[in-house]
Amino acid sequence: MRDILDLDQFPLDRPGSPEWQDLVDRCRTDLERDGMFNLHELMHPHVAQQTAKSLSPSFATQSFRHERDHNIYFQDKIDGLADDHPALTRFKTSNLTLCADQLGGSALLRLYDWPEFATFMAATMGKEDLFTMSDPLARVNVMSYCEGQELNWHFDRSEFTTTMLMQAPDQGGEFIYRTGLRSDDDPNYDGVARMLRGDDPDVQSITLSPGTLNIFRGKNTPHRVGTVKGETPRVIAVFSFFDRPGVTFTPKDQIGFYGRAA
Ligand SMILES: O=C(O)CCC(=O)C(=O)O
Ligand SMILES: [Fe+2]
């Protein structure tokens, strides 16, 4: 793994060692305080950039063009909310998606299938264990955002999202988020509407760098990716883990997410 990961800075290969435990503790502190943590350049940036380059022909010829109009909830109706409430304002999301079966022998699949990766992630999230998916498409996805493309406001369906940037755009493509807006007990629809209007002073953003692992608690923290500008696409990998082994999507879900079943 040393050829693709910086294991001196991040000793993921020594589970249970004092240095591994220190890193886990730091990640847990960040997660508690900020709702996210970053392992800056966990993957060597040149490997990340090379991965993006090597996928570029597949993006051009085999990718799924994901274009949709959605609200922040990914649901047309919310119980107790009027259909015309501004929290339900719809926005556009657009990117090109490659699935795990289109990534060849990429460094991303090596990392995903390395058991120490899931062990480390589980520890940072305070979970007993985490498992890779069995779904041949969903395990790892790579998204490319070209000029004018973006991922719009949403709440995640899963508790955590795990990403790694492969290639940074020339401009735009920031990760934009708002902590503390809603909780399991308080949906704060008016606060959501205000944020969507662009009137929320507590919205923050970070610019990710190639090779950096980002773990984000996105279930109650709304977030989006800013519109990409310039000729260089933003290329980012999304890893999917579950609390139980063997998870697959139904063919209907696969078609919904990727335009095909496998
Ligand atoms: O592309 C990103 O930085 C975020 C991805 C994301 O929010 C998601 O996959 O749910
Ligand atoms: Fe998300």
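Refer to the structure printed above.
Residues numbered from 1 in each chain as written. Chains lettered and ligands numbered in written order. Predicted model: local features only at pLDDT ≥ 70, side-chain atom pairs only at ≥ 80, totals over all residues.

**Digging into the sheet that holds strand 12 (residues 234-239)**
At step 1: Spatially, seven strands are ordered 1-10-7-12-5-3-2 in an open sheet, and the strand pairing comes out antiparallel. The open sheet terminates on both sides in strands that have one partner only, identified here as strand 1 (36-39) and strand 2 (64-70). On average, each strand axis in the sheet is tilted by 30° relative to the strand beside it, whichever way the strands run.
At step 2: Pairing geometry for strand 3 (residues 91-98) and strand 5 (residues 140-145), over three bridges, is antiparallel. Along strand 5, the bridge assignment pairs Leu98 with Val142.
At step 3: Lying over the sheet, helix 2 (residues 45-62) contacts strand 3, strand 5, strand 7 (161-167) and strand 12, oriented at roughly 90° with respect to strand 7. (Pairing = 2+ DSSP bridges. Helix = DSSP H or I, 4+ residues; strand = E, 2+ residues; numbered from the N terminus. Axes fitted to C-alpha atoms, helices over the stretch in contact; angles between N-to-C directions. Contact = placed C-beta atoms within 7 Å.)

**Side note on the environment of Arg178**
At step 1: The topology assignment puts Arg178 in the loop between strand 8 (175-177) and helix 5 (189-196).
At step 2: Once the C-alpha coordinates of Arg178 and Phe249 are considered, the two residues, 71 residues apart in sequence, prove to be 29 Å apart.
At step 3: Residues within four places of Arg178 in sequence aside, it is in contact with Met195, Asp200, Asp202, Val203, Thr221 and Pro222.

**Structural notes on the site of ligand 1**
At step 1: Around ligand 1 sit Leu151, Asp156, Thr161, Thr163, Phe175, Gly218, His223, Val225, Ile236 and Val238, and those are all the residues in its vicinity.
At step 2: Residue assignment for the shell around ligand 1 shows that the elements contributing at least two residues are strand 7, strand 11 (223-225) and strand 12.
At step 3: Here the residues of the shell around ligand 1 sort into five nonpolar, four polar and one charged. (Near = placed C-beta within 6 Å. Nonpolar A, V, L, I, M, F, W, Y, C, P; charged D, E, K, R; others polar.)

**Focus: unusual backbone geometry**
At step 1: Phi is positive for Phe74, which is not a glycine, with a value near 55°.
At step 2: You can see Phe74 is positioned in the loop between strand 2 and strand 3.
At step 3: C-beta crowding within 10 Å serves as the criterion here: with 11 such atoms nearby, Phe74 is assigned to the exposed category.
At step 4: Within the chain, Asn188 stands out as a residue other than glycine whose phi angle is a positive 45°.
At step 5: By the secondary structure assignment, Asn188 is in the loop between strand 8 and helix 5. (Buried ≥ 20, exposed ≤ 12 C-beta atoms within 10 Å, placed from the backbone.)

**Quick notes on the pairing of strand 5**
At step 1: Within strand 5, six of the six residues are buried, which leaves it mostly tucked inside the rest of the structure.
At step 2: Alternating positions in strand 5 separate into two faces, Val140, Val142 and Ser144 on one and Asn141, Met143 and Tyr145 on the other, with burial throughout.
At step 3: Here six bridges tie strand 5 to strand 12, and the two strands are oriented antiparallel to one another. Directly across from Tyr145, in strand 12, lies its bridge partner Arg234.

Geometric values such as these leave the question of function open.
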